[in-house]
Structure formats: structure tokens, C-alpha cells
Amino acid sequence: KARTLALRLGLQMKISDVIQKLDESTFSVLHIVQENTKETLKRRQPVGWTAMDMLEHIIITESYVHKTLLKKTDETLSYEESLTDAQIKNLMLGEDSVAYESPYFLKPLGIIRDVSNFESVFLLGRNQLKKEITSGLIHLDQRMFVHPLFGEFTASNWFSYMIYHTDRHVNQIKNLL
């Protein structure tokens, strides 16, 4: 009985850490959006996406990750086979990280046209994800799903990827503006 309680408390702390990471990431995205005008965010660059394009890409990517985490699979990776959080962070944010070509199905479509539209869609997705993680509908475990660029990821890896992918684009937006 005490062991079960300890396991539940450990799991609960892990979930609270996950929610804290989500909240911190959400704050950083909203901060960059709210401190810039619509015109600034939509300003065309000589090469690449606008800041608004990157924000839409974040929404599309997070929706893809969310759907992936809801899938059922019997395939798993051992802890030894899976990447660590630090490895995924380095992959996305490290000095040696490279520019990745986004798969066609994750590219912006021009649907998100203004800040309020972005904020409402972004927050709706983030709040739904938090609710499903907290309720246990989504488990951040060793279930394996293939990432289109990086290969085999666990559900936990996918969550880390989503956070660091968003951080990567927030940093790019800061440098752009």
C-alpha cells in the first residue's frame, strides 16, 4: 500500500513537472506574440517564413504531436534505446543544431492571420493537451512512434520535442524581429 502511494506521488510529481514545462513554454510564446504588432509578425523576409508563419507552424506541429500521443501502439523502446530529454534539447536548440526542412504536412498554410486567432487556437490546443495529460488519457511513456525526420521517438520524446521545437521557433522569431 505504501509502495503504491509512493508510485502515485512520483507519477503526480512527474505530471506536475510536465504541466510546468507546458506553462513555461506557453508563456514564452504568448510573450513574443503580445510584444509585437500584427504588421511586425507578418513582415516578409527576403528568405524563409514570417514570424506569423512560424507561429502557425507551431500550431500545426503541436496538433500533429497531440494526435500522435493519442494513438495506440504496442511498440515500445527501452530507456536505453530512447533519447534523453537533454539529447532532444541539444538536437533542437544546441549549437550544432541544423536547419531542418519541415515536412509538407507541417508547413504553414496562411490560415492564422492575426494575433488573436493565433492565441485562441494555440491556447485551445495547449489547454486540451494539459487536460489529457492530467486526466491520464495521454501517457508520456515508452510507447514508440516514428518521427518523420528523427526516427523512433517514445511518447516522452515526442513531448520533449514539442517543447524544444516551440522554443526553437520562439528564438528564431526573436532573432527575426
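For the structure given in this document, a descriptive report is provided here. Keep in mind the model is a prediction, meaning the values are calculated, not measured. (Residues numbered from 1 in each chain as written. Predicted model: local features only at pLDDT ≥ 70, side-chain atom pairs only at ≥ 80, totals over all residues. Heavy atoms only, no water.)

Considerations on the overall build of the protein
Scanning the protein from terminus to terminus reveals six helices and two strands. When the helices and strands of the protein are read in sequence order from the N terminus, they spell out α-α-α-α-α-β-β-α. Taken over C-alpha atoms, the radius of gyration comes to 17 Å for the protein, in line with the 16 Å a tight globule of 177 residues would show. With the C-alpha coordinates aligned to their principal axes, the bounding extent of the protein is approximately 60 × 30 × 30 Å. Expressed as a percentage of the 177 residues in the protein, the buried residues total 41%. For the protein, the share of sequence-separated contacts (at least 6 apart) that also reach a separation of at least 24 residues comes to 79%. Here the protein has roughly 10500 Å² of accessible surface; of this, 55% comes from carbon and sulfur atoms. (Helix = DSSP H or I, 4+ residues; strand = E, 2+ residues; numbered from the N terminus. Rg over C-alpha atoms; globule rule 2.2 N^0.38 Å. Buried < 20%, exposed > 50% of the residue type's maximum accessible area, 1.4 Å probe, protein only. Contact = heavy atoms within 4.5 Å. Areas by Shrake-Rupley, 256 points an atom, 1.4 Å probe, with all protein chains shown as cover.)

Things to note about the nonpolar core
With 21 residues, the main nonpolar core has L69, I133 and F159 as its most contacted residues. Where this core is concerned, the elements lending two or more residues are α1 (2-34), α3 (51-70), α4 (85-93), α5 (115-135) and α6 (155-176). V29, L55, I58 and F118 belong to the second-largest nonpolar core, a separate cluster that totals 17 residues. (Core = buried A, V, L, I, M, F, W, Y, C linked by side-chain atoms within 4.5 Å.)

Some thoughts on the pattern of salt bridges
Counted by the stated rule, this structure contains six salt bridges. Between D23 and K130 there is a salt bridge, and its shortest N-O distance comes to 2.7 Å. Of this pair, D23 sits in helix α1 while K130 sits in helix α5, and the two are 107 residues apart along the sequence. D23 gets classed as partly exposed once you look at its relative accessible area, which sits at 34%. With relative accessibility at 21%, the residue K130 sits in the partly exposed group. (Salt bridge = Lys/Arg side-chain N within 4 Å of Asp/Glu carboxyl O.)

Digging into the environment of S102
Checked against the element boundaries, S102 lands in the loop between α4 and α5. Residues S102 and D17, spaced 85 residues apart in sequence, show a C-alpha to C-alpha distance of 29 Å. The contact partners of S102, leaving out residues within four places of it in the chain, are W49, H57 and K107.

Structural notes on α6
For α6, built from 22 residues, the straight-helix expectation of 32 Å at 1.5 Å per residue is met to within 8% by its first-to-last C-alpha distance of 31 Å. With 16 of its 22 residues buried, α6 lies for the most part within the structure. (Expected span 1.5 Å × (residues − 1).)

Things to note about the packing of aromatic side chains
By the definition in use, this model includes ten aromatic pairs. The interplanar angle of 45° and the centroid separation of 5.2 Å between the aromatic rings of Y64 and F105 together place this pair among those described as tilted. Here Y64 is found in helix α3, whereas its partner F105 is found in the loop between α4 and α5, with 41 residues between them in sequence. On the basis of relative accessible area, Y64 is assigned to the partly exposed category, the value being 25%. Centre to centre, the rings of W158 and Y161 are 6.1 Å apart; their planes meet at 80°, and the pair counts as edge-to-face. A residue pair is termed a helical-turn pair when its members lie 3 or 4 positions apart in one helix, as W158 and Y161 do in helix α6 at three residues. Judged by relative accessible area, which is 1%, W158 ranks as buried. Looking at Y161, the relative accessible area reads 6%, which means it is buried. (Phe/Tyr/Trp six-rings, centres within 6.5 Å; stacked < 30°, edge-to-face > 60°.)

So, the pairing of strand β1 (residues 144-147)
Within a regular strand, side chains alternate between the sheet's two faces. Pairing of β1 with strand β2 (residues 151-154), which is carried by four bridges, proceeds in the antiparallel orientation. Bridge pairing links M144 to T154 in β2. Taking the residues that link successive antiparallel strands as the turn, the β1-β2 hairpin has three residues. (Pairing = 2+ DSSP bridges.)

Some details on the environment of I15
Structurally, the position occupied by I15 is in helix α1. Each C-alpha atom of the pair I15 and I133 lies 7.3 Å from the other, and the pair is 118 residues apart in sequence. The contacts of I15, once residues within four sequence positions are left out, are I133 and T134.

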